[in-house]
Amino acid sequence: MTASTAPSADGARTDVAPLARLVGATRRYGDVVALDDVTLDVPPGQLLGLLGPNGAGKSTLLQLLCGLRRPTSGSVELFGRAPWDPAARVHLGLTPQETGLPPTLRVGEVVDVVAGHFPDPVPTPELLERFGLVELRRRQTGGLSGGQKRRLAVALAFVGRPRLVLLDEPTTGLDVDARHDLWDAVREYHRGGGTVVLTSHYLEEVEALAERVVVVDRGRVLVDGTLEEVRSAVPARRVRLRAASLPELGAERVVVEGDRHEMWTADADALVRRLVASGADFSALEVASPSLEEAFLAVTAAGGDADGAPHPTRTPEVAR
Amino acid sequence: MSAPGPTRTSSSSTGTATSTDLGRRGPGALRLTALHTRSQLLETVRVPIAVVGTVVFPTLTMLFFVVPQPFAGDPVQATGATAQISLFAVMSVCLFTYGVGVAEDRALPWDSYLRTLPVGAGPRLAGRLLNGLAFALVSLVPLVLVAWLLTAATLPLDRLLLTAGALAAAALPMLGLGLWIGYRMTTKAALAVAQVLLLPLAFGGGLFLPPQLFPAWLDAVSTWLPTRAGRDLVVSATTGADLPATTWPVLAAWTVLTGVLAVRAYRRDEGRRFR
């Protein structure tokens, strides 16, 4: 931004500098460690899905990236600067919580306020057009439906033509159509060269969008890799059935209650094949991909019981 | 929905993230201040009842406590009384707009969203200060009209500027107090504390009854209150009355004290408001 930072040194480099970076970032709230020594790069053009149960530290991670909070130790960079430096946030876009829109302001006014912070914003009429908000321009945000608020909130993330967009659980509370509309918008932005960090606790959503998946639990990065790598690392399928007794089928976790069996596995197909091959008598077979949150709870609960350690304190879900 | 694409920076082919890519500078601090002032004003004005309380209460006080009194016919006393109530109006704006208003805003997710936009604390705070100033002015208009039409109060034009300056100086410790409450407390606590402080400070400072009517002990206590120092300053500016030697030191001490408290609360808040 200043003339003193000459482009020559970086222009010659072949490797691509990340848009955002955490190095050994730890954030504590009192005694609770919300984020524990996390190192993460967000290279340009990537669509990164951040997965984890509630209280895993996803929100804290995003809050560090957008400068709302500072790390207790370690460092955080956004466009090569400290995120709490306003200049670092010129190319950043994010959505407010849908409940967080000022209720007395009109839709057009809210867009204008946010647009006014950026050097080259999308003109308000164009943005409203793109997000199907034209007829709502004169409406106060307090009178919008949940879905309309969500659309406005998402539109706000794109007002400043951001190069990096942070979306915190963008589709929570949306119906299926609205969810797919939003996914399309995210894909289109990504195709245009945009970089996205998206949090979700729905595996489906991350499967639909992300190229790279980072799984966070209890403030730590558990897995960081492609979708396939993550899927095999997390037993995200739940197989339920009724049976008098079952042989060992290689599930990650088994809960038995009377004749009800619940099994967690990364590969439900293989498990069902083994089940059928075993010749065991069963009924009411049901295979589901529950939220990753449930899968995590199942796995972490098993781990806690096994070594007899007290269940670690979860970070309370803090205001986002 | 269709999202617009990201900014294309011509300076770098690969789109790497170096600070040189930050490209064009965003809007200046003045434009951002105007932006925040405007949206805050809009937000407040759209809930008229919130405005009415602040604006009407001082005028009512004037109508009930000054206009019917015999001294309303005496130019010096009526002018002094108007000055006192003007300070009361400014003070309630400070405690409520800054105290309760800030506490309310802090509790809203919109406030943390604004903090993620490329804007520092300066323009947002400046917008808030200008907003409070606008309300103080609005609350003074009916008050001055009532004084002018219904009492013998007079203010020569050459004293107008002096009076405005005195009001501003007298408001400083109240501003600090308001911001301290706002950044330190939750909405409910801020409302209670603002209400608990408003009347004793106003009465004890001689904003309702002139201090000449105080018993000796109350007058002694009153001398050390920020409202009393402010009241003496404003009355002196309007009527040319002598300024007690204690006025400036007391006002300065309270300004520094509340200013330090406000700044500390603000800094503390940056790290802890999200708990």
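Residue positions are given per chain, counted from 1 along the sequence in the order it is written. Chains carry letters from A onward and ligands carry numbers from 1 onward, assigned in written order. Two thresholds apply to this predicted model, a pLDDT of at least 70 for residue-level local features and 80 or more for giving and counting side-chain atom pairs, whereas whole-chain, interface and lining totals are computed over all residues. Each side-chain value is derived from all of the structure's non-hydrogen atoms; neither hydrogens nor water enter the calculation.

A. The arrangement of the overall build of chain A in detail. We count a stretch as a helix when DSSP gives it H or I for four or more residues in a row; a strand needs E for two or more, and each element gets its number in order from the N terminus. Along the backbone of chain A there are 10 helices and 13 strands. Three labels apply to residues, based on accessible area from a 1.4 Å probe with only protein chains included: buried if under 20% of the type maximum, exposed if over 50%, partly exposed otherwise in between. Sorting the 320 residues of chain A into buried and exposed places 52% on the buried side. Between two residues, a contact is recorded if the distance between any of their heavy atoms is within 4.5 Å. Within chain A, contacts between residues separated by at least 24 positions form 66% of all contacts whose residues are at least 6 apart in sequence. Per-residue accessibility takes into account occlusion by the displayed protein chains alone, with areas from the Shrake-Rupley method and a 1.4 Å probe. For chain A, the exposed surface amounts to about 13500 Å²; the carbon and sulfur share of it is 49%.

B. Focus on the sheet that holds strand β13 (residues 283-288) of chain A. All names here are of chain A. If you trace the four strands from one edge of the open sheet to the other, you get β11-β12-β10-β13, paired in antiparallel fashion. On the outer flanks of this sheet lie β11 (253-257) and β13, each paired with one strand and no other. For this sheet the average axis-to-axis angle between neighbouring strands, irrespective of direction, equals 10°. Alignment of β11 against strand β12 (residues 260-265), held across five bridges, turns out to be antiparallel. Note on β12: the bridge partner recorded for Val-256 is His-261. Pairing between two strands is assigned when DSSP locates at least 2 bridges connecting them. Structural elements are reduced to axes, namely lines fitted to C-alpha atoms, with helices fitted over the stretch in contact, and the angle between N-to-C directions of any two is expressed from 0 to 180 degrees.

C. Spatial organisation of the packing of helix α1 (residues 29-45) of chain B against helix α5 (residues 121-150) of chain B. Residues and elements named next belong to chain B. Running from amino to carboxyl end, α1 crosses α5 at an angle of 50°, the nearest separation of the two axes being 8 Å. One finds that α1 runs oblique with respect to α5. You can see that α1 and α5 cross each other, and the crossing is right-handed. Contact with α1, carried on its side by Ala-29, Leu-32, Thr-33, His-36, Thr-37, Gln-40, Leu-41 and Thr-44, involves Pro-123, Arg-124, Ala-126, Gly-127, Arg-128, Leu-130, Asn-131, Ala-134 and Phe-135 of α5 and no other residues of that element. Taken together, the residues of the contact of α1 with α5 sort by class into eight nonpolar, seven polar and two charged. Here the angle decides the label: under 35 degrees means roughly parallel, over 145 means roughly antiparallel, 65 to 115 means roughly perpendicular, and every other value means oblique. Two helices that cross are described as forming a left-handed crossing if the nearer one is turned anticlockwise from the farther one by less than a right angle, and a right-handed crossing if clockwise. Note on residue classes: Ala, Val, Leu, Ile, Met, Phe, Trp, Tyr, Cys and Pro are nonpolar, Asp, Glu, Lys and Arg are charged, and everything else, Gly too, is polar.

D. Structural detail: the nonpolar core. Counting 72 residues, the largest nonpolar core has Leu-22, Leu-156, Leu-164 and Leu-166 of chain A as its most contacted members. Leaving out residues up to four positions away in the same chain, Leu-156 of chain A has contacts with Leu-94, Pro-96, Leu-101, Val-110, Val-111 and Val-114 of chain A together with Trp-110 and Tyr-113 of chain B. Cys-94, Val-100, Ala-237 and Ala-265 of chain B belong to the second-largest nonpolar core, a separate cluster that totals 52 residues. By nonpolar core we mean a set of buried residues, namely Ala, Val, Leu, Ile, Met, Phe, Trp, Tyr and Cys, connected to one another through side-chain atoms within 4.5 Å.

E. Summary view of the pairing of strand β9 (residues 220-226) of chain A. One ladder, built from six bridges, connects strand β8 (residues 212-217) of chain A with β9 of chain A; its direction is antiparallel. From the neighbouring strand, Asp-217 of chain A faces β9 of chain A, where its bridge partner is Arg-220 of chain A.

F. Examining the sheet that holds strand β5 (residues 92-94) of chain A more closely. Residue and element names in this part refer to chain A. Pairing is mixed across the open sheet formed by six strands, whose spatial order is β5-β6-β7-β3-β8-β9. The open sheet has two edge strands, β5 and β9, and neither has a second partner. The sheet shows a mean angle of 15° between the axes of neighbouring strands, direction not considered. In the sheet, strand β6 (residues 164-168) pairs with strand β7 (residues 195-200) via five bridges, with the strands oriented parallel. When the bridges of β7 are listed, Leu-166 appears paired with Val-197.

G. Inspection of helix α6 (residues 176-191) of chain A at higher detail. Residues and elements named next belong to chain A. The span you would expect from a helix comes to 1.5 Å times its residue count less one. Helix length check: α6 (16 residues) gives 22 Å between terminal C-alpha atoms against 22 Å at 1.5 Å per residue, within 8%. Those residues of α6 that are buried lie in contact with β3 (47-51), α5 (146-158), β6, β7 and α7 (203-209). Looking at the residues trailing α6, positive phi occurs at Gly-193, about 105°.

H. Region of interest: the confidence of the model for chain A. Residues and elements named next belong to chain A. Overall, the prediction assigns chain A a mean pLDDT of 82, with 84% of residues at 70 or greater. Across residues 1-14 the pLDDT falls below 50, and counting only partners more than four positions away or on other chains, this stretch makes 13 contacts in the model. In predicted models, pLDDT denotes the confidence assigned by the predictor to each residue on a 0 to 100 scale. Scored below 50 in pLDDT, residues 302-320 shows 33 contacts in the model against residues more than four places distant or in partner chains.

I. Spotlight on the packing of aromatic side chains. Residues and elements named next belong to chain B. Two rings belonging to Phe, Tyr or Trp (six-membered ring only in the last case) form a pair when the distance between their centres is within 6.5 Å. Interplanar angles under 30 degrees mark stacking, angles over 60 mark edge-to-face geometry, and anything in between is tilted. Tallied over the full model, the rule gives eight aromatic pairs over all chains. For the pair Phe-65 and Phe-208, a centre-to-centre distance of 6.3 Å together with 15° between the ring planes defines the contact as stacked. Remark: Phe-208 occurs in the loop between α7 (187-204) and α8 (216-222) and Phe-65 occurs in helix α2 (residues 48-65); sequence separation between them is 143 residues. For Phe-65, a relative accessible area of 48% translates into the label partly exposed. The class for Phe-208 is partly exposed, based on a relative accessible area of 21%. For the pair Tyr-183 and Tyr-266, a centre-to-centre distance of 4.9 Å together with 90° between the ring planes defines the contact as edge-to-face. Within this pair, whereas Tyr-183 is found in helix α6 (residues 157-184), its partner Tyr-266 is found in helix α10 (residues 247-272), the two being separated by 83 residues in sequence.

J. Region of interest: α5 of chain A. With 13 residues, α5 of chain A should reach 18 Å at 1.5 Å per residue; the first-to-last C-alpha distance of 19 Å fits that figure. Burial in α5 of chain A covers these residues: Gln-148, Arg-150, Leu-152, Ala-153, Val-154, Ala-155, Leu-156, Ala-157 and Phe-158 of chain A.

K. Region of interest: the environment of Met-1 of chain B. As for its position among the elements, Met-1 of chain B is in the segment before α1. With residues up to four places along the chain from it excluded, the contact list for Met-1 of chain B reads Arg-130, Phe-131, Arg-151, Asp-181, Leu-182, Ala-185 and Glu-188 of chain A.

L. Main features of unusual backbone geometry. Residue and element names in this part refer to chain A. For Arg-161, which is not a glycine, the phi torsion comes out positive at approximately 45°. By secondary structure assignment, the location of Arg-161 is in the loop between α5 and β6. Even without being glycine, Glu-169 reaches a positive phi, approximately 45°. Note that Glu-169 resides in the loop between β6 and α6.

M. Looking closely at the pattern of salt bridges. Residue and element names in this part refer to chain A. A carboxyl oxygen of Asp or Glu within 4 Å of a side-chain nitrogen of Lys or Arg is what we treat as a salt bridge. For the structure on display, the rule yields 19 salt bridges over all chains. Taking the shortest distance from any N to any O, the salt bridge between Arg-21 and Asp-41 comes out at 3.1 Å. Placement of the pair is Arg-21 in strand β1 (residues 20-29) and Asp-41 in strand β2 (residues 32-42), with a sequence separation of 20 residues. Arg-21 sits in the partly exposed class, given a relative accessible area of 30%. Under the relative-accessibility criterion, Asp-41 is labelled partly exposed at 31%. Note that Arg-187 and Asp-184 form a salt bridge whose closest N and O atoms lie 3.1 Å from each other. A residue pair is termed a helical-turn pair when its members lie 3 or 4 positions apart in one helix, as Arg-187 and Asp-184 do in helix α6 at three residues. According to the relative accessible area criterion, Arg-187 is partly exposed, its value standing at 28%.

N. The arrangement of the pairing of β6 of chain A in detail. Residues and elements named next belong to chain A. The buried fraction of β6 is high, at five of five residues. Alternating residues of β6 divide into Leu-164, Leu-166 and Asp-168 and Val-165 and Leu-167, and every residue in both groups is buried. Looking at chain direction, β5 and β6 are connected through three bridges and run parallel. Counterpart to Leu-92 in the pairing with β6 is Leu-164. With the strands pointing away from the viewer, any crossover whose connection runs clockwise from the first strand over the helix to the second is right-handed. In this fold, β6 hands off to α6, which returns the chain to β7; that crossover is right-handed.

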